[in-house]
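Listed below are the residues making up each chain.
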Amino acid sequence: MNKIFEVPMYPYQRSEDQDASSPVRHQVIVIGAGPVGLAAAIDLAQQGVSVVVLDDNDKVSSGSRAICFSKRTLEIADRLGIAKPLVDKGVQWNLGKVFFDERKVYEFNLLPESGHAQPAFINLQQYYFEEYLVKRAQELKAAGAPIDIRGRNKVSAIGSHDDYVTIEIDTPEGLYNIEGDSLIACDGASSPTRQMLGLDFVGRVFEDNFLIADVVMDADFPTERWFWFDPPFNKGQSALLHKQPDGVWRIDLQLGWDIDKEHEKRPENVIPRIREMLGDDVKFELEWVSIYTFQCRRMEKFRHGRVLFAGDSAHQVSPFGARGANSGLQDTDNLCWKLKLVLDGKAPESLLDSYDSERVYGADENILNSSRSTDFITPKSEMSRVLRDAVLDLSEHHAFARPLVNSGRLSVPCTYAGSALNSTDALNGGPQRTEPGSPCPDATTPDGYLLPQLADRFTLLTIDADAPDYFEEEGITVTRLALSAKDDTTQTLRDRYLGEATSAVYLIRPDQHVAARHPTFDEIQFRTALRRAIGKETSV
């Protein structure tokens, strides 16, 4: 059994701020050292932004918690410097199977195409994800980056002002105060920050409960996602099985609504349920048990002046579909480059409003898909159950029914359609998947995969089109990446970025979303598109 979560990784140490005569001002304060908070801190530190992470714990989280990390999350992790250890440690998978009773009725492939550096999904315990993030942060600090993780530093009060925030922190050695130009709250679904500011969620709480059990066992189940509707070992309910590293398997069992949670979590009640699922011959050991209720909710706004919310502190979805941690990493990916530009005075503070609008849009998309999954998994009426079961029966033999099967639509990156930062699409015949607002899909190039070449800056991607090597606008340098479809032996670049066009020029944001695309380079158009992408132009 893995005990990494019992070892302090960022133990309490007295900081210089505690001995200062007046509160020390930092550029950014992050509350919460989970995956989202650490990712935000690393992203900012790599850009030279001074950041302090505060957490009332001093170690990574206990239990697996989030386990499914998507290709988009791994692409973000690559820019943070931790993709390789994640992939090396994680269990890679792309095949899922759906069962009705004991019959396999449907299977799906999450990555049927080639030309991607990262796998479709990995399964990895959250404590490992956090471990690699903490080590990366410590590595950056040792190299001189302005990042500090402070364990056993509990935020006890927050004061929000027009141009800064004040934080009161409780430690084993007493209270102290610091200030920040901005605060990012990544302190989870119960978010003390949200409560201290008198803010709340809006949305739905579903009337059902699910048991999560991580078990250590030797088993010959394949590395696939298996989901059961109405299985014989959990009649009338659902179940899920996922493989993780170190011989750990995630089991989810639907329990129903009217239950005694504390009773159901006791090992003497959990073990018989798992034994009924796995059979008497399989030996296993419980590593972690929890019970959760589906909640599909979000804050009305993610930005409140200098306080910005990300991850579970801003939104909650059901775990089916792996949208929690994955959407949280997309939050920070969207926020950090904008915050950097605002702190540097290169973009107006109103650019941060686009974080709110784009990620609220993304949260609504996740909540919609998560709610639909929940309604399919847990029908609320007998007629709904009859309809669902008919879809499952038909999907075994008829392809038209399979898209209707919803055991958790798995996380995909959000396209910011209609964002105020997008410019008009002028690439006639261009692929739909790379319209303005879309996340850039990976592709192969003569110098390797495309996405690592687009990292952390505005990029002018040209495909069989002339353009200057760089241009500057509003103090921002846009660097050209010149490619040719003639060198595209795999057709991935042509299929994903050219389509029916013969040439293309893209303006790519630092978070690898498309800001503008045209068939050729026009200096005025792209300078205007850049100003729009940083919130300084209202139309283009």
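Parameters and conventions
- Residues numbered from 1 in each chain as written.
- Predicted model: local features only at pLDDT ≥ 70, side-chain atom pairs only at ≥ 80, totals over all residues.
- Heavy atoms only, no water.
- Core = buried A, V, L, I, M, F, W, Y, C linked by side-chain atoms within 4.5 Å.
- Buried < 20%, exposed > 50% of the residue type's maximum accessible area, 1.4 Å probe, protein only.
- Contact = heavy atoms within 4.5 Å.
- Pairing = 2+ DSSP bridges.
- Helix = DSSP H or I, 4+ residues; strand = E, 2+ residues; numbered from the N terminus.
- Axes fitted to C-alpha atoms, helices over the stretch in contact; angles between N-to-C directions.
- Parallel < 35°, antiparallel > 145°, perpendicular 65-115°, else oblique.
- Left-handed = near helix turned anticlockwise from the far one by under 90°.
- Nonpolar A, V, L, I, M, F, W, Y, C, P; charged D, E, K, R; others polar.
- Phe/Tyr/Trp six-rings, centres within 6.5 Å; stacked < 30°, edge-to-face > 60°.
- Lys NZ or Arg CZ within 6 Å of the ring centre and 35° of its normal.

Enquirer: I keep staring at the nonpolar core and nothing clicks. Help me out?
Expert: Taken as a class, soluble globular proteins show a tendency for nonpolar side chains to be buried jointly. If you look at the biggest cluster of nonpolar residues, it comprises 94 residues, and the most contacted ones within it are Leu54, Leu86, Ile147, Ile167, Ile184, Phe458 and Leu507. With near-sequence residues (within four places) excluded, leucine 86 lies in contact with Leu74, Ala77, Ile122, Leu124, Phe129 and Tyr132.

Enquirer: Would you mind going over the sheet that holds strand 4 (residues 91–93) with me for this structure?
Expert: Strand-to-strand pairing in sheets goes through backbone hydrogen bonds, with the strands running parallel or antiparallel. Read from one edge to the other, the open sheet built from three strands follows the order 3-7-4, with strand pairing classed as antiparallel. The sheet is open, and its two borders are formed by strand 3 (68–70) and strand 4, each paired with just one other strand. Neighbour-to-neighbour, the strand axes of the sheet open up by a mean angle of 30°, direction not taken into account. The strands that helix 2 (residues 71–80) touches are strand 3 and strand 7 (121–123); relative to strand 3, the one it contacts most, it runs at about 75°.

Enquirer: What should I look at first to understand the packing of helix 1 (residues 35–46) against helix 8 (residues 324–343) in this one?
Expert: How two helices sit against one another is set out by the angle between their axes and by the gap between those axes. Closest axis-to-axis distance for the helix 1/helix 8 pair is 9 Å, and the angle between their directions is 25°. Here helix 1 lies roughly parallel to helix 8, going by the angle between them. For the pair helix 1 and helix 8, the crossing hand works out as right-handed. Taken together, the residues of helix 8 that come into contact with helix 1 (itself represented by Pro35, Val36, Ala39, Ala40, Asp43 and Leu44) are Gly328, Leu329, Thr332, Asp333, Cys336 and Leu339. Across the contact of helix 1 with helix 8, the residue classes break down as eight nonpolar, two polar and two charged.

Enquirer: Explain the packing of helix 2 against helix 8 here, please?
Expert: The interhelical angle for the contact between helix 2 and helix 8, taken along N-to-C directions, is 45°, at an axis separation of 9 Å. Here helix 2 lies oblique to helix 8, going by the angle between them. Between helix 2 and helix 8 lies a crossing of left-handed hand. Two secondary-structure elements touch here, helix 2 through Arg72, Thr73, Ile76 and Arg79 and helix 8 through Asn326, Leu329, Gln330 and Asp333. A breakdown of the residues in the contact of helix 2 with helix 8 according to their chemical character gives two nonpolar, three polar and three charged.

Enquirer: Help me understand the packing of aromatic side chains in this model?
Expert: Aromatic ring pairs: the centre-centre distance and the angle between the two ring planes describe each pair. This structure, assessed with the given rule, holds 18 aromatic pairs. Here the aromatic rings of tryptophan 337 and phenylalanine 458 are separated by 5.6 Å at their centres, their planes lie at 90°, and the arrangement is edge-to-face. With tryptophan 337 in helix 8 and phenylalanine 458 in the loop between strand 21 (448–449) and strand 22 (459–463), the pair connects residues that are 121 residues apart, well separated along the chain. The pair formed by tryptophan 337 and phenylalanine 458 is uniform in burial state, with each residue classed as buried. Three or more aromatic residues link up through ring pairs in this structure, and these residues are Phe99, Phe221, Trp226, Trp228, Phe233 and Trp249. Positioned above the aromatic ring of phenylalanine 201, the side-chain terminus of arginine 194 is 3.9 Å from the ring centre.

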